[in-house]
Amino acid sequence: MTFFRNPSKEPLWKEEFSVLASDERYVTRRQFTKFLTLASLGMFVGNLWILLRSRFARARQFSSVKIAQVGEIPVRGVKLFTYPTPQDHCIMVRTGDDEYVAYSQKCTHLSCAVYYSAENDRLECPCHRGFFSIKDGSVLQGPPPRPLPQVTLVRDGSKLLATGVKGT
Amino acid sequence: MPSAEPHKQRRGLVAIDGAMALIAIILIVQMWLLSATLETYLAGHTGAVVPAALFSGLLFSGCLALNLFVDRVDRGTWHS
Ligand code: FES
C-alpha cells in the first residue's frame, strides 16, 4: 500500500488521463479506501490539534481598564462598553446597590448583540430568543451552546475596572 | 485483467465491501468525535480532549488496518 506516488513509476498523465473515457472515471476500491483512510487521518490530526492547543495555549493577558464610575448607572441600569479591544462589545448591568456584572454582548449562538431585559431580569438575544442568566451568563433557553463570556469587574475606590474575561 | 476463479473473486469482493463499509462507519464516528470535542473545547471544558484524541487515534489505526486488508485482498483476488 502506498499513499504517495513512486516517481519512478509510469508518468502521472498516463494514470490520470486514460485513453478510454470510462477508465478515466473509474475509481478502484483500493483508491477509494485510501481516500477514506486519508480522511480518517485528517480527523485524527484535527483531534491532535485540539489537544496541542489545549496543552500549550498561553493564558491571555488582559489589562485593567476603567469602564464606569460607581453609582454612574441606576440599579437595573445598563452601560455598554468595549473590552479588551474596541471590537469586543460588552454590557454591564447594575444588579444591586453595590453589585455589578458584565458580559460580552456577543451571543454565543450566531453573534447577535444581547440586551438586558429588566422585567425578566436576564440577558436576551433577539435573533433566536436565546436567554442568559444575569447571575453567571449561563444559557437559560434557546440555541446558544455556551454561556456568555463574563468580564471580571474590580472596584477601585470610586472606579469600576474591567480586569479580564472568563470563558472565552 | 487476469481473473482468478469466480468463487474466490466473489468472496474477495464481499470481504472488501464489508471492510469499506466499516471504514465509512469509522469515519462518521471520527467526524462526530471531532465536532463534539471542538464544541466542548470551545465551551472551555478540556477534560474530554485527551480521551477523544486517543480514541480518534485508535479509530484511525483501525482504518489503516482495514485499508491494508482491502489492499491485500484486492491484490490477491485479481492478481493471483
Ligand atoms: S444569535 Fe443569539 S440566539 Fe441565535
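In the block above lies the structure referred to throughout.
Residues numbered from 1 in each chain as written. Chains lettered and ligands numbered in written order. Predicted model: local features only at pLDDT ≥ 70, side-chain atom pairs only at ≥ 80, totals over all residues. Heavy atoms only, no water.

A. Local environment of the overall build of chain B. Helix and strand content of chain B: two helices and zero strands. For chain B, the residues scored as buried account for 36% of the 80 residues in total. Of the contacts made within chain B by residues no fewer than 6 positions apart, 78% connect residues no fewer than 24 positions apart. Here chain B displays about 4600 Å² of accessible surface, and carbon together with sulfur accounts for 73% of that area. (Helix = DSSP H or I, 4+ residues; strand = E, 2+ residues; numbered from the N terminus. Buried < 20%, exposed > 50% of the residue type's maximum accessible area, 1.4 Å probe, protein only. Contact = heavy atoms within 4.5 Å. Areas by Shrake-Rupley, 256 points an atom, 1.4 Å probe, with all protein chains shown as cover.)

B. Here's a closer look at the overall build of chain A. What chain A contains, in helices and strands, is three helices and ten strands. Per-residue burial over chain A gives 33% buried out of 168 residues. Partitioning the intrachain contacts of chain A with sequence separation of at least 6 by distance along the chain shows that 39% fall at a separation of at least 24.

C. Region of interest: the interface of chain B and chain A. Every contact between the two is made by 34 residues of chain B and, on the other side, 24 residues of chain A. Interface area, chain B with chain A, both sides summed: about 2800 Å², of which 68% is carbon and sulfur. The interface formed by chain B and chain A holds two salt bridges in total. Residue A:Arg30 pairs with B:Asp71 through a salt bridge whose shortest N-O separation is 3.9 Å. For the pair chain B and chain A, the interface holds four residue pairs in polar contact (both at pLDDT 80 or more). Grouping the constituent residues of the side of chain B that touches chain A by class yields 22 nonpolar, seven polar and five charged. (Buried area = accessible area lost by both parts, 1.4 Å probe. Salt bridge = Lys/Arg side-chain N within 4 Å of Asp/Glu carboxyl O. Polar contact = N/O pair within 3.5 Å; in protein donor to acceptor, adjacent residues only side chain to side chain. Nonpolar A, V, L, I, M, F, W, Y, C, P; charged D, E, K, R; others polar.)

D. Structural context of the sheet that holds strand S10 (residues 159–166) of chain A. Residue and element names in this part refer to chain A. Across the sheet, six strands lie side by side as S1-S10-S9-S4-S3-S2; this open sheet has antiparallel pairing. Sheet topology places strand S1 (65–69) and strand S2 (78–82) at the edges, where each strand pairs with a single neighbour. Put simply, the sheet's adjacent strands are angled 35° from each other on average, direction ignored. The pairing of strand S3 (residues 89–96) with strand S4 (residues 99–104) spans six bridges and is antiparallel. (Pairing = 2+ DSSP bridges. Axes fitted to C-alpha atoms, helices over the stretch in contact; angles between N-to-C directions.)

E. Focus on the pairing of S3(A). Residues and elements named next belong to chain A. S3 sits mainly inside the fold: six of its eight residues count as buried. The antiparallel pairing of S2 with S3 creates a hairpin that spans six residues between the two strands. From the end of S3 to the start of S4, which pair antiparallel, there are two residues.

F. Spatial organisation of the state of the cysteines. All names here are of chain A. Inspection of every chain in the model, using the stated rule, returns one disulfide over all chains. A sulfur-sulfur distance of 1.9 Å marks the disulfide that ties Cys 112 to Cys 127. Between Cys 112 and Cys 127 the disulfide shows an S-S torsion of about -95°. By sign, it is left-handed. Note that Cys 112 is positioned in the loop between S4 and strand S5 (115–117) and Cys 127 in the loop between strand S6 (122–125) and strand S7 (130–133), a separation of 15 residues in sequence. (Disulfide = S-S within 2.5 Å.)

G. Highlighting the sheet that holds S7(A). All names here are of chain A. Strand order in the open sheet formed by four strands is S5-S6-S7-S8, with antiparallel pairing between adjacent strands. The sheet is open, and its two borders are formed by S5 and strand S8 (139–141), each paired with just one other strand. Direction aside, the axes of adjacent strands within the sheet are offset by 40° on average. In this sheet, S6 lies alongside S5 in antiparallel orientation, the contact comprising three bridges. Considered in S6, the bridge of Tyr 116 is made with Leu 123.

H. Main features of helix H1 (residues 6–42) of chain B. Residues and elements named next belong to chain B. Taking 1.5 Å as the rise per residue, H1 with 37 residues should run 54 Å; its terminal C-alpha atoms sit 54 Å apart, in good agreement. Within H1 the residues assigned to the buried category are Gln 9, Gly 12, Ile 16, Ala 19, Met 20, Ile 23, Ile 26, Leu 27, Gln 30, Leu 33, Thr 37 and Tyr 41. The positive-phi residue at the C-terminal boundary of H1 is Gly 44, with phi of around 95°. (Expected span 1.5 Å × (residues − 1).)

I. Structural detail: unusual backbone geometry. All names here are of chain A. For the peptide bond that leads from Tyr 83 to Pro 84, omega is -5°, which places it in the cis range. Its identity as a non-glycine residue notwithstanding, Ser 111 has a phi of 70°, on the positive side. As for its placement among the helices and strands, Ser 111 is situated in the loop between S4 and S5. Of the residues examined, Ser 111 reaches a relative accessible area of 43% and is grouped as partly exposed. Despite not being glycine, Asp 121 shows a phi value in the positive range, around 50°.

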